[in-house]
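# A look at the structure
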Amino acid sequence: MKVIQFREALREAMSEEMRRDPSVFLMGEEVAEYNGAYKVSQGMLEEFGPKRVIDTPIAELGFSGIAVGASMNGLRPIVEFMTWNFAILAADQIINSAAKMLQMSGGQYNCPIVFRGGNGQAGQLAATHSQSFEAFYAHVPGLKVITPSNPADAKGLLKAAIRDNDPVVFLESEKMYGDKGEVPEGEFIIPIGIADIKRKGIDVTLVTFGKIIKIAQEAAEVLAKENIQLEIIDLRTIRPIDYNTIVESVKKTNRCVVLEESWPLASIASEISYHLQRYAFDHLDAPVLRVMQTDTPFAFSPSLIEAALPNVDRVVAAVKALMYRN
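Quick summary incoming for the structure in this document. (Residues numbered from 1 in each chain as written. Predicted model: local features only at pLDDT ≥ 70, side-chain atom pairs only at ≥ 80, totals over all residues. Heavy atoms only, no water.)

The next subject is the nonpolar core. Ranked by internal contacts, the top residues of the largest apolar core, which has 49 residues, are Trp-84 and Tyr-137. Setting aside anything within four residues of it in sequence, one finds Tyr-137 in contact with Trp-84, Ala-87, Ala-91, Ile-94, Ile-95, Leu-143, Val-145 and Val-169. Grouped together as the second largest cluster of nonpolar side chains are 34 residues, Ile-4, Phe-6, Val-31 and Ile-192 included. (Core = buried A, V, L, I, M, F, W, Y, C linked by side-chain atoms within 4.5 Å. Buried < 20%, exposed > 50% of the residue type's maximum accessible area, 1.4 Å probe, protein only. Contact = heavy atoms within 4.5 Å.)

This part is about a negative patch on the surface. Taken together, the side chains of Glu-30, Glu-33, Glu-46 and Asp-55 define an acidic patch exposed on the protein surface. Residue Glu-33 is classed as exposed on the basis of its relative accessible area of 66%. (Patch = residues over 30% accessible without salt bridge, like charges linked within 9 Å, V, L, I, M, F, W, Y side chains within 5 Å. Areas by Shrake-Rupley, 256 points an atom, 1.4 Å probe, with all protein chains shown as cover. Salt bridge = Lys/Arg side-chain N within 4 Å of Asp/Glu carboxyl O. Lys, Arg positive; Asp, Glu negative; His and termini not counted. Charge placed at Lys NZ, Arg CZ, Asp CG, Glu CD.)

Our next topic: the pattern of salt bridges. According to the stated counting rule, one finds 25 salt bridges in the structure shown. The closest approach of N and O atoms between Lys-159 and Glu-16, which form a salt bridge, is 2.9 Å. Of this pair, Lys-159 sits in helix H7 (residues 151-163) while Glu-16 sits in helix H1 (residues 6-20), and the two are 143 residues apart along the sequence. Notably, a salt bridge pairs Lys-214 with Asp-179, separated by 2.5 Å at the nearest N-O pair. (Helix = DSSP H or I, 4+ residues; strand = E, 2+ residues; numbered from the N terminus.)

We now examine empty space enclosed by the protein. Counting across every chain of the model gives two cavities of 30 Å³ or more. The computed volume of the largest cavity comes to approximately 140 Å³. Taken together, 16 residues form the lining of the largest cavity, with Asn-119, Glu-134, Thr-147, Gly-210 and Lys-211 sitting closest to its centre. Classifying every residue of the lining of the largest cavity by side-chain character gives five nonpolar, six polar and five charged. Put simply, the second largest cavity is a space of about 40 Å³. Forming the boundary of the second largest cavity are Ala-127, Ser-130, Gln-131, Ser-132, Ser-262, Trp-263, Gln-293 and Phe-298. When the residues that make up the lining of the second largest cavity are grouped by side-chain class, the tally is three nonpolar, five polar and no charged. (1 Å grid on protein atoms, 1.4 Å probe; cavity = no way out; pocket = protein on both sides within 12 Å on 5 of 7 lines; lining within 4 Å. Points joined across faces, edges and corners; volume = space filled by probe spheres on them. Nonpolar A, V, L, I, M, F, W, Y, C, P; charged D, E, K, R; others polar.)

This next bit is on the sheet that holds strand E10 (residues 204-208). Here we have five strands laid out as an open sheet, ordered E9-E11-E10-E13-E14, and mixed in their pairing. If you trace the sheet from one side to the other, it starts and ends with strand E9 (196-199) and strand E14 (289-291), each paired once. On average, adjacent strands in this sheet sit at an angle of 25 degrees to one another, irrespective of strand direction. Relative to strand E11 (residues 230-234), E10 runs parallel, the two being bridged by five bridges. The residue bridging Val-204 from the neighbouring strand is Leu-230, located in E11. (Pairing = 2+ DSSP bridges. Axes fitted to C-alpha atoms, helices over the stretch in contact; angles between N-to-C directions.)

Now for helix H3 (residues 60-72). With 13 residues, H3 extends 18 Å from end C-alpha to end C-alpha; this agrees with the ideal 18 Å at 1.5 Å per step. Contacts from the buried residues of H3 go to strand E2 (24-28), strand E4 (76-81), helix H4 (91-98) and strand E5 (114-119). One or two steps after H3, the chain reaches Gly-74, where phi turns positive at roughly 100 degrees. (Expected span 1.5 Å × (residues − 1).)

Turning to helix H12 (residues 312-322), a few remarks are in order. Residues that lie three or four places apart on an α-helix share one face, since the helix turns once every 3.6 residues. What H12 keeps buried is the set Val-312, Val-315, Val-316, Ala-318, Val-319, Lys-320 and Leu-322. At its buried positions, H12 is contacted by E10, helix H8 (213-224), E11, strand E13 (256-259) and E14. By the N-cap criterion, in which a side-chain oxygen at the helix start approaches the backbone nitrogen of a residue two or three places on, H12 is capped by Asn-311, the distance to Asp-313 being 3.2 Å. Among the residues trailing H12, Tyr-324 stands out with phi positive, at a value near 55 degrees. (Polar contact = N/O pair within 3.5 Å; in protein donor to acceptor, adjacent residues only side chain to side chain.)

Under the definition given, this model contains nine aromatic pairs. Plain terms: the ring middles of Phe-81 and Trp-84 are 5.1 Å apart, the flat faces sit at 65 degrees to each other, and that makes the pair edge-to-face. The burial state of Phe-81 is the same as that of Trp-84; both residues are buried. Relative to Tyr-137, the ring of Phe-133 lies with its centre 6.2 Å away and its plane at 50 degrees, an arrangement referred to as tilted. Looking at Tyr-137, the relative accessible area reads 0%, which means it is buried. One aromatic cluster is present, formed by Phe-63, Phe-81, Trp-84, Phe-115, Phe-133, Phe-136 and Tyr-137 through successive ring pairs. Residue placement shows Lys-39 over the ring face of Tyr-34; its charged tip is 3.6 Å from the ring centre. (Phe/Tyr/Trp six-rings, centres within 6.5 Å; stacked < 30°, edge-to-face > 60°. Lys NZ or Arg CZ within 6 Å of the ring centre and 35° of its normal.)

Within the secondary structure, Asn-35 sits in the loop between E2 and helix H2 (44-48). With residues near it in sequence (within four places) discarded, Asn-35 still touches Glu-30, Val-40, Ser-41, Gln-42, Gly-43 and Glu-46.

This part takes up the packing of H3 against H4. Orientation of H3 relative to H4, taken along the N-to-C sense of each, is 25 degrees, at an axis distance of 8 Å. If you check the angle between H3 and H4, you find them roughly parallel. In this structure, H3 contributes Leu-61, Ser-64, Gly-65 and Val-68 to the contact, and H4 contributes Asp-92, Gln-93, Ser-97 and Ala-98. Within the contact of H3 with H4, the residues separate by chemical class into three nonpolar, four polar and one charged. (Parallel < 35°, antiparallel > 145°, perpendicular 65-115°, else oblique.)

All quantities given are derived from atomic positions and should not be read as evidence of function.
In structure tokens form, the structure reads like this:
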């Protein structure tokens, strides 16, 4: 094991796959000369050269379209968006081209692309730069959607995504690029579609993903002092969802809270809640509860940001409500 930053784990994943497979290349705004907006691609231009680490114009729709065409002709692009908020401009290529190409071509063309970049709120960036897009892209058949919560998962899942023959939406957090964690040495791949139980418990299952898992872990420590043992499931992959791990946990705990940094309507939490009432109804001793961002555009004001986001107190209150404790 070694301790490295989240951004270094992503860089290792991309560099290792580019050394292994000459068809893999990286493109995006400032990924080459500037070493990436968040220094994820630092040093990669020097190693792989300008034909495989490519600076693009500020034209997300355009360079995403180039990636789709390249993937249909045998290459494996990694497209970096400076933020997923800017990728809205490329949604036509992601949703209407990459996701649908295999079916619309009658199986003739795969689109092995990884679309990756910063996702979710990252401080005072206001409403148009603070959105979480997991549910948005998970809604689309043909895409795989991944959100890692630590450096090890970031490396293992990104390597799996690069090797996958389907288009993968890889959602990172701008607030996590500097986070440090242990990453295994050598070849390390995490299969897509497998959730991870980050903390074992017997009282309540808490399902979450991405950087907000830190809130779940803090809440678990608070609840442990009151002899409530939280089981934390990190989905890691948002499409496909590992429903089996969730259901088996709820069969043990009989209660579930879903924690998500996004809006409540048509959320991943809504999907999990439906699945549990359909496939684990007889095991539930209380309704599934959600702890979500408020149903409003994100604010710039620090006090409004704090009010909008899920926090430890809200998670603790939800868990206690399921336990019928004040």
